[in-house]
Amino acid sequence: MTLISCRLECNFVSPESSKKKRKKRYVPHEAAARFKPTKDWTREEASSEFEKAKFSFPVDVINFEDCMAGMKSVPDESIDAVIADPPFGISFSGKEALYNRNDSFVIDGYQEVEGDYEEFTKAWISEIPRILKKSGSAWIFSGWTNLRPVLSAVEDAGLKLVNHIIWKYQFGVFTKKKFVTSHYHLLFLVKNLKQYFFNKIEHYPQDIWEINRTYKKGEKKNGTKLPTELVMRCIDFATKPGDLVLDPFMGNATTAVASKGSYRHFTGFEINESMREIINHNLSLLDIGELYVPYTERKDELVEKARAKFK
Ligand SMILES: C[S@@+](CC[C@H](N)C(=O)[O-])C[C@H]1O[C@@H](n2cnc3c(N)ncnc32)[C@H](O)[C@@H]1O
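Notes on the structure in this doc start here.

Procedures and definitions
Residues numbered from 1 in each chain as written. Predicted model: local features only at pLDDT ≥ 70, side-chain atom pairs only at ≥ 80, totals over all residues. Helix = DSSP H or I, 4+ residues; strand = E, 2+ residues; numbered from the N terminus. Buried ≥ 20, exposed ≤ 12 C-beta atoms within 10 Å, placed from the backbone. Contact = placed C-beta atoms within 7 Å. Pairing = 2+ DSSP bridges. Core = buried A, V, L, I, M, F, W, Y, C linked by C-beta atoms within 7 Å. Axes fitted to C-alpha atoms, helices over the stretch in contact; angles between N-to-C directions. Parallel < 35°, antiparallel > 145°, perpendicular 65-115°, else oblique. Left-handed = near helix turned anticlockwise from the far one by under 90°. Nonpolar A, V, L, I, M, F, W, Y, C, P; charged D, E, K, R; others polar.

### Focus: the overall build of the protein chain
For the protein chain, the helix and strand inventory stands at 12 helices and eight strands. Taken over 311 residues, the protein chain has a buried fraction of 32%. Excluding contacts between residues fewer than 6 apart, the proportion of contacts in the protein chain whose partners are at least 24 apart in sequence is 80%.

Written as structure tokens, this is what we have:
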């Protein structure tokens, strides 16, 4: 037998044996029609998990201090998810004219990074593996201009990249001689690839998330507020009710609001004292669990279409 014919023969699998190997026949739409979230909780169960959770340090408070110092006092392996949207490192104040917004509603004192952005990035990211539980994950936002230092710091810290998500928003800053940036990067990182928690709450969750930036008329904020829906997606996939979420750069407290609203506890830091009033106001606007909808009750278009087709 020549080498070529041997290769052909060795690779040949008879239809009979292939049928035997494949245990189940592929039926279009079947998997989608039968989809169930990995884990789900009724509102009562989620509320009870929230109440039951115990911590050895104060939670559901935001500490007004530098996260570099603050994170050092967080106990080892105490955090289920870190959600971090660090300052951009591009001398941004949030009041730039080209952002075309009404300055009087934008709060002063957004703290940019003073000094070397790479060193800063390395310092705060290196603290994450120590504070994360083995099942924990970290979600780090980054613009494309600073992605390189963030990726290097993540690698140095030994965090494992599971997904590189693109957040696509509706519009960006007008440009004359280049494309308008209308996306952000979101890194989904874990401490342990074998043990991380992931609640698959959708049948086919893709890594491009189209979520509009939100603007409320007359709302006071610092100019970098993430949509609550975006942060809730990280929380929903990566944590359980009663879990603890840490945000080192709270800004307008979006992570705290999303956590409180979905029966998760929160902790974190904000260096800018002038955000205190806004943060307290934002947190006072909602009750614990107000945003929580059990996953099986959520609309999943793909699943619904599949159920209509699949008999
Ligand atoms: C990009 S914004 C976060 C916005 C937030 N995700 C939101 O939705 O409102 C970054 C925030 O980090 C704060 N900050 C900058 N350096 C800090 C530090 N070393 N420790 C804690 N907060 C810091 C800034 O004042 C700013 O509010």
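### A closer look at the pairing of strand E2 (residues 79-84)
Counting buried residues along E2, six of its six residues qualify, which places the element largely inside the surrounding structure. Direction of pairing for E2 relative to strand E7 (residues 244-247): parallel, over a ladder of two bridges. Across the sheet, the residue bridging to Val-82 is Leu-246, located in E7.

### Here we look at the nonpolar core
In summary, soluble globular proteins display a tendency toward joint burial of nonpolar side chains. The biggest cluster of nonpolar side chains holds 53 residues, and the ones touching the most others in it are Ala-81, Val-82, Ala-138 and Trp-139. Residue contributions to this core peak at seven residues, all from helix H9 (residues 228-238). Look past the residues within four positions of Ala-81 in its chain and what remains in contact with it is Gly-136, Ser-137, Trp-139, Cys-234, Ile-235, Ala-238, Thr-239, Asp-243 and Val-245. Counting five residues, the second-largest nonpolar core is a separate cluster that includes Ala-46, Phe-50, Tyr-263 and Tyr-292.

### Points about the environment of Leu-226
Checked against the element boundaries, Leu-226 lands in the loop between strand E6 (208-210) and H9. Separated by 28 residues in the primary sequence, Leu-226 and Thr-254 have C-alpha atoms spaced 6.7 Å apart. In contact with Leu-226, other than residues within four places in its own chain, are Asp-85, Val-231 and Thr-254.

### Focus: the packing of H9 against helix H10 (residues 254-261)
Packing of H9 against H10 leaves a shortest axis separation of 9 Å and a crossing angle of 60°. It follows from the interaxial angle that H9 and H10 lie oblique. H9 and H10 meet at a crossing whose hand is right-handed. From H9, Thr-228, Val-231, Met-232 and Ile-235 reach across to H10, where they touch Thr-254, Thr-255, Val-257, Ala-258 and Ser-259. Across the contact of H9 with H10, the residue classes tally to five nonpolar, four polar and no charged.

### Details of H9
Buried residues dominate H9, accounting for 10 of its 11 residues. Of all the residues in H9, the buried ones are Thr-228, Leu-230, Val-231, Met-232, Arg-233, Cys-234, Ile-235, Asp-236, Phe-237 and Ala-238. The elements touched by buried residues of H9 are E2, strand E3 (132-142), strand E4 (160-168), E6, E7 and H10.

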